[in-house]
Amino acid sequence: MEKIIVTGALGQIGSELVTKLRKVYGADHVVATDIRKTDCEVVQSGPFELLDVTDGKAMYDITRKYDADTFIHLAALLSATAEAKPLLAWNLNMGGLVNALEVARELRCKFFTPSSIGAFGPSTPKDGTPQDTIQRPTTMYGVNKVSGELLCDYYNHKFGVDTRGLRFPGLISYVTPPGGGTTDYAVEIFYEALKNKSYTSYIAEGTYMDMMYMPDALQAIIDLMEADECKLKHRNAFNVTAMSFAPEEIAAEIKKHIPNFAMKYEVDPVRQAIAESWPNSIDATAAKEEWGFKARYNLETMTKDMLDQLTMKIVKSAG
Ligand code: VAH
């Protein structure tokens, strides 16, 4: 990767990925784009352009202006928002993806977009979900992700675009809070634990979902994009995961640091139904074997780092 363009650069993944890519490849080699512009590190630390991903011509013009050779497409609505606004989700998630793939095709860019464990559905094997298995999701987000996987594979075998993707689990981070996801409880809980020493979970006890700490997700994107193309038997998209836990388990881990932390439950039927349609734990063997995927954080080490980092963030913001 030499010159990289990123859409959705102010989102949960984008805001940290741009910062990491600029450290690795050089600030001027990473063009951040988003539909909004805020006064933040991503906008201040290198090239930034306003971009609505449903505007294919603007996307083409920006990509050409910077002579990008790599296109990382992150702009999308997450599962809970997509379920509330399914037509908007289809138009944005699929319209934006088609525009991005067309730009990658015309300008010969290497291409990355994330899929998700949301690409699986109730008929998928729930434990140790294989890389190649049934994908009949029952959410609009899942339909978008399966369609996106198929479209990215199509652009590879039809037009030779070097498309690659990862089926991300829930991502946990302390820089930019997520918005509109089903797994967001696993991020919110840390903010609430430090602020109120309690959290009311909208996901029920006993509901297992795959999760990953953001540093591992960012490294996985870089490792996949730098992998030798000849070694890839799969492309769109690889199962990757670091851990699988239920709400009571992350609560217990937090209690090791905040002994009087209290966990409560007020289940949101919509997000609970989404969570129950997803796997309990997926198998990442293909990613490990084909390009050396390795997660470095587990529930214990992620919890400690999240609490440490958020504490520093709160102290810093308090001045
Ligand atoms: C969501 N955080 O909750 C995203 C992710 C696996 C979950 O795709 O929609």
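The model shown is predicted, which means the values in this text are computed figures rather than measured ones. (Residues numbered from 1 in each chain as written. Predicted model: local features only at pLDDT ≥ 70, side-chain atom pairs only at ≥ 80, totals over all residues. Heavy atoms only, no water.)

Turning to the UniProt feature "domain: NAD-dependent epimerase/dehydratase" (unreviewed entry) in the protein, a few remarks are in order. In the numbering used here, UniProt assigns the feature "domain: NAD-dependent epimerase/dehydratase" (unreviewed entry) to residues 4-230. When the span residues 4-230 is considered, its composition is 44% helix and 18% strand, and the gap between its end C-alpha atoms is 22 Å. (UniProt positions renumbered as here; feature names shortened; annotations may be inferred. Helix = DSSP H or I, 4+ residues; strand = E, 2+ residues; numbered from the N terminus.)

By volume, the largest pocket is sized at about 840 Å³. Taken together, 39 residues form the lining of the largest pocket, with Gly11, Gln12, Leu74, Ala76 and Leu78 sitting closest to its centre. Of all elements in the fold, only helix H1 (12-25), strand S2 (30-34), strand S6 (115-116), helix H6 (140-159) and strand S10 (170-172) reach the threshold of two or more residues within the lining of the largest pocket. The leading source of residues in the lining of the largest pocket is H1, at 3 residues. Tallied by class, the residues present in the lining of the largest pocket amount to 19 nonpolar, 15 polar and 5 charged. Domain assignment of the residues forming the lining of the largest pocket places at least three in each of domain 1 (4-169 + 213-239) and domain 2 (171-211 + 243-279 + 298-318). For the second largest pocket, the calculated volume is near 510 Å³. Along the walls of the second largest pocket sit 18 residues, with Ser15, Glu16, Thr19, Glu41 and Val175 positioned nearest its centre. Within the residue set of the lining of the second largest pocket, elements represented by two or more residues are H1, helix H2 (41-44), helix H8 (214-226) and helix H12 (299-317). With 5 residues, H1 is the largest single contributor of residues to the lining of the second largest pocket. Taken together, the residues of the lining of the second largest pocket break down into 7 nonpolar, 4 polar and 7 charged. Structurally, the lining of the second largest pocket is a two-domain feature, drawing no fewer than three residues from each of domain 1 (4-169 + 213-239) and domain 2 (171-211 + 243-279 + 298-318). (1 Å grid on protein atoms, 1.4 Å probe; cavity = no way out; pocket = protein on both sides within 12 Å on 5 of 7 lines; lining within 4 Å. Points joined across faces, edges and corners; volume = space filled by probe spheres on them. Nonpolar A, V, L, I, M, F, W, Y, C, P; charged D, E, K, R; others polar. Domains from an automatic or database assignment.)

Positionally, Asn236 belongs in the loop between H8 and strand S13 (238-239). Taking the relative accessible area as the measure of exposure, Asn236 reaches 7% and is therefore buried. Within the structure, Asn236 has its side chain in polar contact with the side chain of Asp153 (distance 2.9 Å). Engagement of the side chain of Asn236 in a polar contact is seen with the backbone nitrogen of Gly165, the distance being 3.3 Å. Asn236 has contacts with Glu149, Cys152, Asp153, Thr163, Arg164 and Gly165, leaving out every residue within four places of it along the chain. (Buried < 20%, exposed > 50% of the residue type's maximum accessible area, 1.4 Å probe, protein only. Polar contact = N/O pair within 3.5 Å; in protein donor to acceptor, adjacent residues only side chain to side chain. Contact = heavy atoms within 4.5 Å.)

Every residue near the ligand is listed here: Leu78, Ser79, Ser116, Ile117, Tyr141, Phe168, Pro169, Gly170, Gly181, Thr182, Thr183 and Trp278. Within the side chain of Tyr141, an N or O atom sits 2.6 Å from an oxygen atom of the ligand. At a separation of 3.0 Å, a nitrogen atom of the ligand approaches a polar side-chain atom of Thr183. If the ligand stood free it would expose 270 Å²; the protein chains cover 95% of that surface. Taking a 2 Å distance to the grid points as the criterion, the majority of the atoms of the ligand fall inside the largest pocket. In terms of residue class, the shell around the ligand is built from 6 nonpolar, 6 polar and no charged. Taken domain by domain, the makeup of the shell around the ligand includes at least three residues from each of domain 1 (4-169 + 213-239) and domain 2 (171-211 + 243-279 + 298-318). (Near = heavy atom within 4 Å. Areas by Shrake-Rupley, 256 points an atom, 1.4 Å probe, with all protein chains shown as cover. Sits in = over half its atoms within 2 Å of the grid points.)

Grouped together as the largest cluster of nonpolar side chains are 59 residues, with contacts concentrated most on Ile172, Tyr185, Phe190 and Phe245. The leading source of residues in this core is helix H5 (residues 86-106), at 8 residues. Inspection of this core shows a minimum of three residues originating in each of domain 1 (4-169 + 213-239) and domain 2 (171-211 + 243-279 + 298-318). Those residues in contact with Ile172 that lie beyond four places of it in its chain are Gln12, Ala186, Val187, Phe190, Met211, Met212, Tyr213, Met214, Phe245, Met302 and Met306. (Core = buried A, V, L, I, M, F, W, Y, C linked by side-chain atoms within 4.5 Å.)

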